[in-house]
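Each chain, written out:
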Amino acid sequence: MALLQRLARLAAYLQDPQKVADFQRLCGVEGPPGLAASPPLAEESGEPGPLANGSCPAMNGGGEGDGWPRLRAAAGGEKRPPKGLGNGAIPEGAGGEGPPQQTWGRRQPRRNSLTGEAACQEIAIRNPFLYYLFNLGTELGNELFYILFFPFCIWNLDAWMGRRLIIVWVWVMYLGQCTKDVIRWPRPASPPVVKLEVFYNSEYSMPSTHAMSGTAIPLALVLLSYGRWQYPLMYGLILVICWCSLVCFSRIYMGMHSILDVIAGFLYAILILVVFHPAVDLIDNFNLTYKYAPLIIISLHLALGVFSFTLDTWSTSRGDTAQILGCGAGVACGSHFNYMLGLMQDPSPDTWPLIPPSITVTLFGKAILRLLIGVVLLLLTRIMMKKITIPLACKMFSIPCDDIRQARQRMEVELPYRYITYGMVGFSLMFLVPCLFLFIGLS
């Protein structure tokens, strides 16, 4: 019992949003004046009650055109999180007078075009190096990174390793997103936390899927490549430590996760790797060789997507889950067709360890050309499939498509749109684009 109480106290300590705010201030992030102060309780002030996860009230009380919200200080100056405010909520009202002292610059978080959430506060950045460093870290868990990293691995490095990395990534992200919707812990309260990002604000917080992917991908990369490729193990360990640390610290810096969320994501990813890594070869061989693998893969991934959509009300995590599953299904189906047609054959284990080739101008140029042409084709595929699938799904299920944002919050639209669109992107990544490279002599 005493041990459980200590663990509960430790968990509460690590989940405290004030620790996130302290880390942000240490790194030179400052919000509007008075942000750390909390407003009067909702029932005492007559203001609306609890807000939904990820919500953010309008900035009605901003001061004299400076764009900074004015916040009320709690009676007595007590710094406690406001009761009844949802994830990322900023109370309206007045408080600090005017902008802070001159700083390096102000930033507005990236707006989420799907949820319509915008920044609730302007942010003063006193350490530009850390700002850009941690923005880079958080991008290592975003779509832009994935659409560059996985194609580069498959087209330029090692398709065998790239396929298995995607299998690990799909399972890690799917389990992480589903766990969020089961636990349903909100994001760190703001105030006192400064929100540098609102793009994923409508999702729940525990565990951090950025921390999960930032742990699983470099670890799996080393586990899959060491012994197959000839390189010092120390290089791989340095890569894992730097990659994982950068992503994990970036989520606290951005104000999107508590310390507990990040630690849980790190440990959860390791647990998933321990359980699923021995099965990766079996899954990949099944995808390649079993006659009916495409039918089973598509059906299984679609069923997992439907299940995830039943866990909670709408949030961006549901669409992201369908997107991840669709991409995984497309890559698996593309791998199957590659194998059946004898394209992109894997080196025999007899040739291991593979020696990295010397980097020449020709080799580098062809790698960059493959990446540029291939990624442009993947983006065009995504745009084309989005234009087709959203109106088609709306028509099939008799859903008005005048407001695309509202239509996409319906499972009947969001699930097929994301699944089919990114399934086609994954299939193009693994089969159609390599076929084009073979045809034009870039393979």
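Residues numbered from 1 in each chain as written. Predicted model: local features only at pLDDT ≥ 70, side-chain atom pairs only at ≥ 80, totals over all residues. Heavy atoms only, no water.

A. Structural detail: the UniProt feature "transmembrane region" (unreviewed entry) in the chain. Here, UniProt's "transmembrane region" (unreviewed entry) annotation points to residues 233-252, 259-280, 292-311, 323-341, 361-380 and 419-442. End C-alpha atoms of residues 233-252 are separated by 29 Å, and the span's content is 100% helix alongside 0% strand. From the first C-alpha to the last, residues 259-280 spans 30 Å; its make-up is 86% helix and 0% strand. (UniProt positions renumbered as here; feature names shortened; annotations may be inferred. Helix = DSSP H or I, 4+ residues; strand = E, 2+ residues; numbered from the N terminus.)

B. Quick look at the pattern of salt bridges. Applying the stated criterion across every chain, the model contains 9 salt bridges. By sharing partners, the salt bridges in this structure join Arg163, Arg164, Asp281 and Asp284 into a single network. (Salt bridge = Lys/Arg side-chain N within 4 Å of Asp/Glu carboxyl O.)

C. Fine view of the confidence of the model for the chain. Residues with a pLDDT of 70 or more make up 78% of the chain, whose mean pLDDT is 78. Below a pLDDT of 50 lies the segment residues 37-103, which in the model reaches 145 contacts outside its immediate sequence neighbourhood of four places, other chains included. (pLDDT = per-residue confidence, 0-100. Contact = heavy atoms within 4.5 Å.)

D. Main features of the packing of aromatic side chains. Counting across every chain of the model gives 20 aromatic pairs. On the numbers, 4.8 Å between centres and 35 degrees between planes, the contact of Phe134 with Tyr253 is tilted. Of the two residues, Phe134 sits in helix 4 (residues 128-139) while Tyr253 sits in helix 8 (residues 233-253), which places them 119 residues apart along the sequence. Its relative accessible area of 0% is what places Tyr253 among the buried residues. (Phe/Tyr/Trp six-rings, centres within 6.5 Å; stacked < 30°, edge-to-face > 60°. Buried < 20%, exposed > 50% of the residue type's maximum accessible area, 1.4 Å probe, protein only.)

E. The arrangement of the packing of helix 5 (residues 143-157) against helix 6 (residues 159-183) in detail. In contact at an axis separation of 7 Å, helix 5 and helix 6 are set at 150 degrees when each is read in the N-to-C sense. Considering their axes alone, helix 5 and helix 6 lie roughly antiparallel with respect to each other. Viewed along their axes, helix 5 and helix 6 form a crossing whose handedness is left-handed. On the side of helix 5, the interface is formed by Tyr146, Phe149, Phe150, Cys153, Ile154 and Leu157, while helix 6 contributes Ala159, Gly162, Leu165, Ile166, Trp169 and Met173. Here the contact of helix 5 with helix 6 is composed, by residue class, of 11 nonpolar, 1 polar and no charged. (Axes fitted to C-alpha atoms, helices over the stretch in contact; angles between N-to-C directions. Parallel < 35°, antiparallel > 145°, perpendicular 65-115°, else oblique. Left-handed = near helix turned anticlockwise from the far one by under 90°. Nonpolar A, V, L, I, M, F, W, Y, C, P; charged D, E, K, R; others polar.)

F. Molecular detail of a nonpolar patch on the surface. Taken together, Met1, Leu3, Leu4, Leu7, Leu10 and Tyr13 make up a surface patch of nonpolar side chains, about 700 Å² in accessible area. As for its position among the elements, Tyr13 is in helix 1 (residues 2-15). Here Tyr13 falls in the partly exposed class, since its relative accessible area comes to 49%. (Patch = residues over 30% accessible without salt bridge, like charges linked within 9 Å, V, L, I, M, F, W, Y side chains within 5 Å. Areas by Shrake-Rupley, 256 points an atom, 1.4 Å probe, with all protein chains shown as cover.)

G. Structural context of helix 15 (residues 411-440). Here helix 15 is 30 residues long and its end C-alpha atoms lie 41 Å apart, about the 44 Å a rise of 1.5 Å per residue gives. The largest bend along helix 15 reaches roughly 50 degrees and is located at Ser428. Backbone geometry just downstream of helix 15 places Gly441 in the positive-phi region, at approximately 80 degrees. (Expected span 1.5 Å × (residues − 1). Bend = angle between axes of the 7 residues up to and from the residue.)

H. Representation of the packing of helix 6 against helix 7 (residues 209-225) within the structure. Running from amino to carboxyl end, helix 6 crosses helix 7 at an angle of 155 degrees, the nearest separation of the two axes being 9 Å. Comparing the axis directions of helix 6 and helix 7 gives the class roughly antiparallel. In this structure, helix 6 crosses over helix 7, and the sense of that crossing is right-handed. Only Thr209, Met212, Ser213, Ala216, Ile217, Ala220, Leu221, Leu224 and Ser225 of helix 7 make contact with helix 6, whose side of the interface consists of Trp160, Met161, Arg164, Leu165, Val168, Trp169, Val172, Met173, Gly176, Gln177 and Lys180. Class assignment for the residues of the contact of helix 6 with helix 7 results in 13 nonpolar, 5 polar and 2 charged.

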